[in-house]
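Remarks on the overall topology
Listed here are the chains, written in short residue letters.
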Amino acid sequence: MAIIEKIHISKFRNLSDQYFLPSSSINVIIGNNGHGKTNFIESLYYLGHGRSFKTRNLKEIIPFNHQQIQISAIIDDKKIKINKSREKNTVIIDDKKITSNSYLSQLLPIQIISPDRGFVVGGNPKLKRSYLDWGVYHNNQKTIETYSAYKKTLKNINALLNSSNQSQLEGWLNQFSKLSVEITKERFLYLENLSLTLEQGISSSFSGLVEPFFDFVFTLQTGWPKEVDALDEKSTSEYLVKNKNTIVKTKHLKNGPHRASIDFYFNKQSESYLSRGEQKKASIVFWMLQVLLLVEKEKIPVVLIDDISSELDEIKIKSILDFLIETNTQIFMTDIGNKKLPLNDKKANRFLIENGVITSL
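Residue numbers here run from 1 along each chain, matching the order of that chain's written sequence. This being a predicted model, a pLDDT of at least 70 is required before a residue's local features are given, and a value of 80 or more before pairs of side-chain atoms are given or counted; all residues contribute to the totals for chains, interfaces and linings. Neither water nor hydrogens contribute to the side-chain values; these are computed over all heavy atoms in the structure.

1. Observations regarding the sheet that holds strand β13 (residues 330-335)
With respect to topology, 6 strands assemble into an open sheet ordered β8-β12-β13-β3-β14-β15, the strand pairing being mixed. The sheet is open, and its two edges are formed by β8 (110-113) and β15 (357-360), each paired on a single side. Across the sheet, the mean angle separating the axes of adjacent strands is 20° when strand polarity is ignored. Only when DSSP finds a minimum of two bridges between them are two strands counted as paired. We count a stretch as a helix when DSSP gives it H or I for four or more residues in a row; a strand needs E for two or more, and each element gets its number in order from the N terminus. Bridge analysis of strand β3 (residues 26-30) against β13 gives 5 bridges, and the strand direction is parallel. In the sheet register, isoleucine 30 faces β13, and the bridge partner there is aspartate 335. Note on definitions: angles span 0 to 180 degrees between N-to-C directions of axes, and those axes are lines fitted to C-alpha atoms, for helices only across the stretch in contact.

2. Regarding the sheet that holds strand β10 (residues 261-266)
The strand order across the open sheet built from 3 strands is β9-β10-β11, with neighbouring strands paired in antiparallel fashion. What marks the edges here is a single partner per strand, and that holds for β9 (216-221) and β11 (269-270). Relative to β11, β10 runs antiparallel, the two being bridged by 2 bridges. Paired with phenylalanine 266 across the bridge in β11 is glutamine 269. In this fold helix α3 (residues 125-139) packs onto β9 and β10, with an angle of close to 90° to the strand it touches most, β10. Two residues form a contact once any of their heavy atoms are found within 4.5 Å.

3. Here's the deal with the packing of α3 against helix α4 (residues 143-161)
The interhelical angle for the contact between α3 and α4, taken along N-to-C directions, is 135°, at an axis separation of 8 Å. By the angle between their axes, α3 is oblique relative to α4. Residues Asp133, Val136 and Tyr137 of α3 lie in contact with α4, whose contacting residues are Thr143, Ile144 and Tyr147. Taken together, the residues of the contact of α3 with α4 sort by class into 4 nonpolar, 1 polar and 1 charged. Oblique is the label for every angle not falling under 35 degrees (roughly parallel), over 145 degrees (roughly antiparallel), or within 65 to 115 degrees (roughly perpendicular). In this classification, Asp, Glu, Lys and Arg are treated as charged, Ala, Val, Leu, Ile, Met, Phe, Trp, Tyr, Cys and Pro as nonpolar, and every other residue, Gly included, as polar.

4. Thoughts on the packing of aromatic side chains
Any Phe, Tyr or Trp ring, taking Trp's six-membered ring, that has another such ring centre within 6.5 Å forms a pair; planes under 30 degrees apart are called stacked, those over 60 apart edge-to-face, and the others tilted. Scanning the entire structure with this criterion turns up 15 aromatic pairs. Here phenylalanine 216 and phenylalanine 266 contribute two aromatic rings whose centre-to-centre distance is 6.0 Å and whose plane-to-plane angle is 80°, an arrangement assigned as edge-to-face. Remark: phenylalanine 266 occurs in strand β10 and phenylalanine 216 occurs in strand β9; sequence separation between them is 50 residues. You'll find phenylalanine 216 and phenylalanine 266 in the same group, each marked buried. A ring has a charge above it when a Lys NZ or an Arg CZ is no more than 6 Å from the ring centre and no more than 35 degrees off the ring normal. Its guanidinium or amino end placed over the ring of tyrosine 131, arginine 117 lies 4.6 Å from that ring's centre, counting from NZ or CZ. Buried residues are those whose accessible area, probed at 1.4 Å on protein chains only, stays under 20% of the maximum for their type, while exposed residues exceed 50% and partly exposed ones sit between those limits.

Below you can see the structure in the form of structure tokens.
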């Protein structure tokens, strides 16, 4: 069970020298637009991922007249410190430097729903893969090595395609095929587990959010053409060899797990025909399923919800919070504060943020 016990944000966007002692249950950060609510959520996400969900440009995150961001925290009695500049990235856990952000994710599994990140149903394939692979990784942490090897293999293939010597290309394509099958199998397994969790949890976990008879289906688009069996190494390998000349000519590998996506159907309608409200509802169900599956594995994540009342109505907010409270999840959510949230004041700690300064209410 992941709990952020203390956090110190000394440099992150407009947040400077903010020392925060959160509740292990609900933490509500209230403030007007432009004062740092989303920046705070982004800093927590950074703590668990080693990267932002908003930008790849570090210059946007580093405060003016500073050279690096600095975040430190205590999570389940472990001390974490992140220093990141344009030249150097340092992550220290219990005074030991780590070289991979995967350990951060393992220590602090963070799930987020934010207008800036977007809703997964109706979202772009990259966002869908991000949500999917977050779940796959936490469902089976051994897959992190497979993903790492796959990214390295894809990088080497791209380098060969842009060089004059492609003598090693076929060997790398075979490696690519092997890793592709492993990743695709894990993705299928994870979506099957989500479907089972949905069937078991529909009566209680999602009451108030969806009708007991609603139909929600998600299917994996593997990133391979229909004629290829994405679960068979021979099939994927033969396809790559057959199309090797085209791959060399275009200098681009257009098939594989890096091009995968998810197709969503809500009450038998494709996501592209759903209203914005229906896309939100289905996205929230998918998001809650991921949390519920982790809880069943006794690995409870930290949940971030940004600008909650602008995107969700009171019924949806209450359903989400009731669900999360029942799972003993630590929650951080932001709100503009222009209407009352359906919260039990005994279970919620409230904070005000003004010009990047956080104070307890």
